[in-house]
Amino acid sequence: MRPAGLNKGTSGNVSVRDGDGFLITPTGMPYAALTADDIPLMALDGSHVGARKPSSEWRFHRDLYAARSEVGAVLHAHSPFAVSLACLRRDIPPFHYMIARFGGDTIRCADYALFGSPELSAAAMAAMADRRGCLLANHGMLVAGRDLDEAFALAVELEELCEQYWRASQLGEPLLLSAGEMAEVLVRFAGYGQQ
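Computed from a predicted model, the values in this text were never measured in an experiment.

**Student:** Is there a simple way to think about the overall build of the protein chain in this case?
**Tutor:** Assigned secondary structure in the protein chain consists of 5 helices and 8 strands. In the protein chain, the succession of helices and strands from N to C terminus is β-β-β-β-α-β-α-β-α-β-β-α-α. Relative to its length of 195 residues, the protein chain is compact, with a C-alpha radius of gyration of 16 Å against a globular reference of 16 Å. Seen through its principal axes, the protein chain has C-alpha atoms that stretch 50 × 35 × 30 Å. Across the 195 residues of the protein chain, 46% fall into the buried class. By sequence separation, contacts in the protein chain at least 24 residues apart represent 62% of the contacts at least 6 residues apart. A total accessible area of about 9800 Å² is found for the protein chain, and carbon and sulfur atoms account for 54% of it. Charged side chains in the protein chain number 17 positive and 23 negative. The centres of these two groups are separated by 3 Å.

As structure tokens, then:
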């Protein structure tokens, strides 16, 4: 995530489904220093095993796995352009057809709540309804994929869209695709890419 510009230091977190639970990055540790033994295994009841404490954001990871069987990996990042837009607390409108990759005609921004709190997880779940990515107000981004590769690709794509929207907004108000145009794109995206 760091070479891709998604995180710096110990910010952000990533998890992958493992049986009835999930593996998640530990709290407050630099990614480059991690070993396999540092990765806690969490159960859906919030308990964990391992030498390290799980990320403080484990709740929205857990809630996504519990609610959505298709989710195999979750990634949360504090990338620069996603954070910039999240601090404006605005949804990303359909300025570009690739918004559809995230499951709808917008990328929602979840309401603000304290990091690591049940309230943040509830806000994230609302913003992620029928979506594969969202912004978290005054915080960052959240994506959910079928596996780690897809979650990472979605995070890179979301940061790219945030940058493009930010740049276009510097020149004026971007012209948006209509509801009909986005509906056509969403139909096309049902079979997009290698299945």
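**Student:** Help me understand the environment of Glu184 in this model?
**Tutor:** In this fold, Glu184 is placed in helix H5 (residues 179-189). Separated by 84 residues in the primary sequence, Glu184 and Ala100 place their C-alpha atoms 9.9 Å from one another.

**Student:** Looking at this structure, how should I read the nonpolar core?
**Tutor:** For soluble globular proteins, the rule of thumb is that nonpolar side chains tend to be buried together. Core analysis: the largest hydrophobic core is formed by 31 residues, its most contacted members being Ile92, Leu135, Met141, Val143, Leu158 and Cys162. Of all the secondary structure elements, the ones that give two or more residues to this core are strand S5 (73-77), helix H2 (80-86), strand S8 (140-145), helix H4 (148-171) and H5. Among the elements that line this core, the one with the most residues is H4, at 7 residues. Non-local contacts of Met141, meaning those with residues more than four positions away in its chain, are made with Leu6, Leu75, His76, Ala77, Ser79, Ala82, Cys134, Leu135, Leu136, Ala155, Leu158 and Glu159. Listed in part, the 20 residues of the second largest apolar core include Phe22, Trp58, Ala110 and Cys134.

**Student:** Even after reading the chapter, I still don't get the side chain of Glu159, so can you show me in this structure?
**Tutor:** For Glu159, the location among the structural elements is in helix H4. Summary of buried charges: Glu159 has no salt-bridge partner, and the nearest side chain of opposite charge, Arg167, is 9.3 Å away. With near-sequence residues (within four places) excluded, Glu159 lies in contact with Leu6, Ser79, Pro80, Phe81, Ala82 and Met141.

**Student:** Please explain a nonpolar patch on the surface as it appears in this structure.
**Tutor:** There is a patch of nonpolar side chains on the surface, built from Tyr112, Leu114 and Phe115 and spanning about 350 Å² of accessible area. Counting through the fold element by element, Leu114 comes out in the loop between strand S6 (109-110) and helix H3 (118-128).

**Student:** Explain the pattern of salt bridges to me, please; I cannot follow it from the model alone.
**Tutor:** Side-chain pairs of opposite charge can arise whenever the charged atoms involved come near each other. Applying the stated criterion across every chain yields a total of 8 salt bridges. A salt bridge links Glu70 to Arg68, with the shortest nitrogen-to-oxygen separation between them at 2.9 Å. Exposure remark for Glu70: the relative accessible area of 47% places this residue in the partly exposed category. A salt bridge links Arg101 to Glu157; the shortest N-O distance between them is 3.7 Å. Taken together, the positions of Arg101 in the loop between H2 and S6 and Glu157 in helix H4 put the pair 56 residues apart, joining distant regions of the chain. Shared partners join several salt bridges into a network, and the residues in it are Arg132, Arg146 and Glu150.

**Student:** Sorry if this is basic, but what is going on with the packing of aromatic side chains here?
**Tutor:** Any pair of aromatic rings gets described here by the distance separating the centres and the angle formed by the planes. If you walk through the whole model with that rule in mind, you get 4 aromatic pairs. Taking 5.1 Å as the distance between ring centres and 35° as the angle between the ring planes, the aromatic pair formed by Phe22 and Tyr65 counts as tilted. You can see Phe22 sitting in strand S2 (residues 21-24) and its partner Tyr65 sitting in helix H1 (residues 58-67), a full 43 residues away along the chain. Exposure remark for Phe22: the relative accessible area of 0% places this residue in the buried category. Aromatic side chains Tyr97 and Phe189 sit 6.4 Å apart centroid to centroid with 50° between the ring planes, which places their arrangement in the tilted category.

Rules used throughout
- Residues numbered from 1 in each chain as written.
- Predicted model: local features only at pLDDT ≥ 70, side-chain atom pairs only at ≥ 80, totals over all residues.
- Heavy atoms only, no water.
- Helix = DSSP H or I, 4+ residues; strand = E, 2+ residues; numbered from the N terminus.
- Rg over C-alpha atoms; globule rule 2.2 N^0.38 Å.
- Buried < 20%, exposed > 50% of the residue type's maximum accessible area, 1.4 Å probe, protein only.
- Contact = heavy atoms within 4.5 Å.
- Areas by Shrake-Rupley, 256 points an atom, 1.4 Å probe, with all protein chains shown as cover.
- Lys, Arg positive; Asp, Glu negative; His and termini not counted.
- Charge placed at Lys NZ, Arg CZ, Asp CG, Glu CD.
- Core = buried A, V, L, I, M, F, W, Y, C linked by side-chain atoms within 4.5 Å.
- Salt bridge = Lys/Arg side-chain N within 4 Å of Asp/Glu carboxyl O.
- Patch = residues over 30% accessible without salt bridge, like charges linked within 9 Å, V, L, I, M, F, W, Y side chains within 5 Å.
- Phe/Tyr/Trp six-rings, centres within 6.5 Å; stacked < 30°, edge-to-face > 60°.

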